[in-house]
Amino acid sequence: VSSHRLVFVHFSFCLCLFNGLLKKLSTMDVIQSEYTAVEDTFKSIIQTLTDAQDCVQQKWDQFKMKRTVLETKMNEYNLAVNGHKRVSLNVGGQHFETTEETLVKEKETFFWAMLRSGQWQPDDSDGRYFIDRSPQVLCDS
């Protein structure tokens, strides 16, 4: 009887271990299923963000094209309205005369910034803009 009892105890113990393993496997399946769901959600979010980035890039490219067209039209309008407006400069006491168009032809230069700002005004009664530099600067270019 005692050897049967010992076998039964061992069998019961193995059965408990087996049931514990089944529960753990079942839990792991649930965890794997939840992990897969979370992974799918993240993949979906990444795809949505990628699509949004592409959309923003397209809008940015369209904006840059429209901006270029608008700047060109503004320049054409300013040229039509202002014609070839003459600009007189007093550079270190020497007088120079040119057109505003020539001075603002290159964007983001000194003259472009000063004339387009609307803040730079002629300094003397003759309407000359004063530049405190040697006249050689303009003669050498």
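The structure presented is a predicted model; accordingly, all values stated were derived computationally and were not measured.

A. Geometry of the sheet that holds strand 2 (residues 94–99). Pairing is mixed in the open sheet, where three strands are placed in the order 2-1-3. At either end of the open sheet lies a strand with only one pairing partner, and these are strand 2 and strand 3 (128–131). Geometrically, the sheet is characterised by an average inter-axis angle of 30° between neighbouring strands, direction not taken into account. With four bridges joining them, strand 1 (residues 86–91) and strand 3 adopt parallel strand pairing.

B. Looking closely at a nonpolar patch on the surface. Nonpolar side chains collect at one region of the surface, where Phe8, Val9, Phe11, Leu15, Phe18, Leu22, Leu25 and Met28 lie side by side and expose about 820 Å² of accessible area between them. Secondary-structure assignment places Met28 in helix 1 (residues 2–82). For Met28, a relative accessible area of 52% translates into the label exposed.

C. Examining the nonpolar core more closely. The biggest cluster of nonpolar side chains holds ten residues, and these are Val87, Leu89, Val91, Leu103, Val104, Phe111, Leu115, Trp120, Tyr129 and Ile131. Secondary structure elements with two or more residues in this core: strand 1, helix 3 (110–117) and strand 3. Considering every element that reaches this core, the biggest residue donor is strand 1, with three residues. Dropping the residues within four chain positions of it, Val87 is found in contact with Phe96, Glu97, Thr98, Thr99, Glu100, Leu103 and Tyr129.

D. Summary view of the pattern of salt bridges. Counted according to the given criterion, the structure contains five salt bridges. Between Glu97 and Arg86 there is a salt bridge, with its nearest N and O atoms 2.5 Å apart. Of the two residues, Glu97 is situated in strand 2 and Arg86 in strand 1; the sequence distance between them amounts to eleven residues. A salt bridge links Arg116 to Glu100; its shortest N-O distance comes to 2.9 Å. One end of the pair, Arg116, is in helix 3; the other, Glu100, is in helix 2 (residues 100–103), with 16 residues separating them in the sequence. Judged by its relative accessible area of 36%, Arg116 is partly exposed. On the basis of relative accessible area, Glu100 is assigned to the buried category, the value being 11%. The network of salt bridges with common partners includes Arg67, Glu71 and Lys107.

E. Highlighting the packing of aromatic side chains. On inspection of all chains with the given rule, the structure shows five aromatic pairs. Each ring, one from Phe111 and one from Trp120, has its centre 6.4 Å from the other, and the planes form 40°; the classification is tilted. Of the two residues, Phe111 and Trp120, both sit in the buried class. Through a chain of ring-to-ring contacts, the aromatic side chains of Phe110, Phe111, Trp120 and Tyr129 assemble into a single cluster.

F. Fine view of the pairing of strand 1. Within strand 1, five of the six residues are buried, which leaves it mostly tucked inside the rest of the structure. As judged from the six bridges shared by strand 1 and strand 2, these two strands associate in the antiparallel manner. Each bridged residue has a counterpart across the sheet, and for Ser88 the counterpart in strand 2 is Glu97. The hairpin turn running from strand 1 into strand 2, its antiparallel successor, is two residues long, and Gly92 in that turn takes a positive phi close to 55°.

Definitions and cut-offs
- Residues numbered from 1 in each chain as written.
- Predicted model: local features only at pLDDT ≥ 70, side-chain atom pairs only at ≥ 80, totals over all residues.
- Heavy atoms only, no water.
- Pairing = 2+ DSSP bridges.
- Helix = DSSP H or I, 4+ residues; strand = E, 2+ residues; numbered from the N terminus.
- Axes fitted to C-alpha atoms, helices over the stretch in contact; angles between N-to-C directions.
- Patch = residues over 30% accessible without salt bridge, like charges linked within 9 Å, V, L, I, M, F, W, Y side chains within 5 Å.
- Areas by Shrake-Rupley, 256 points an atom, 1.4 Å probe, with all protein chains shown as cover.
- Salt bridge = Lys/Arg side-chain N within 4 Å of Asp/Glu carboxyl O.
- Buried < 20%, exposed > 50% of the residue type's maximum accessible area, 1.4 Å probe, protein only.
- Core = buried A, V, L, I, M, F, W, Y, C linked by side-chain atoms within 4.5 Å.
- Contact = heavy atoms within 4.5 Å.
- Phe/Tyr/Trp six-rings, centres within 6.5 Å; stacked < 30°, edge-to-face > 60°.

Keep in mind these values describe shape, not function.
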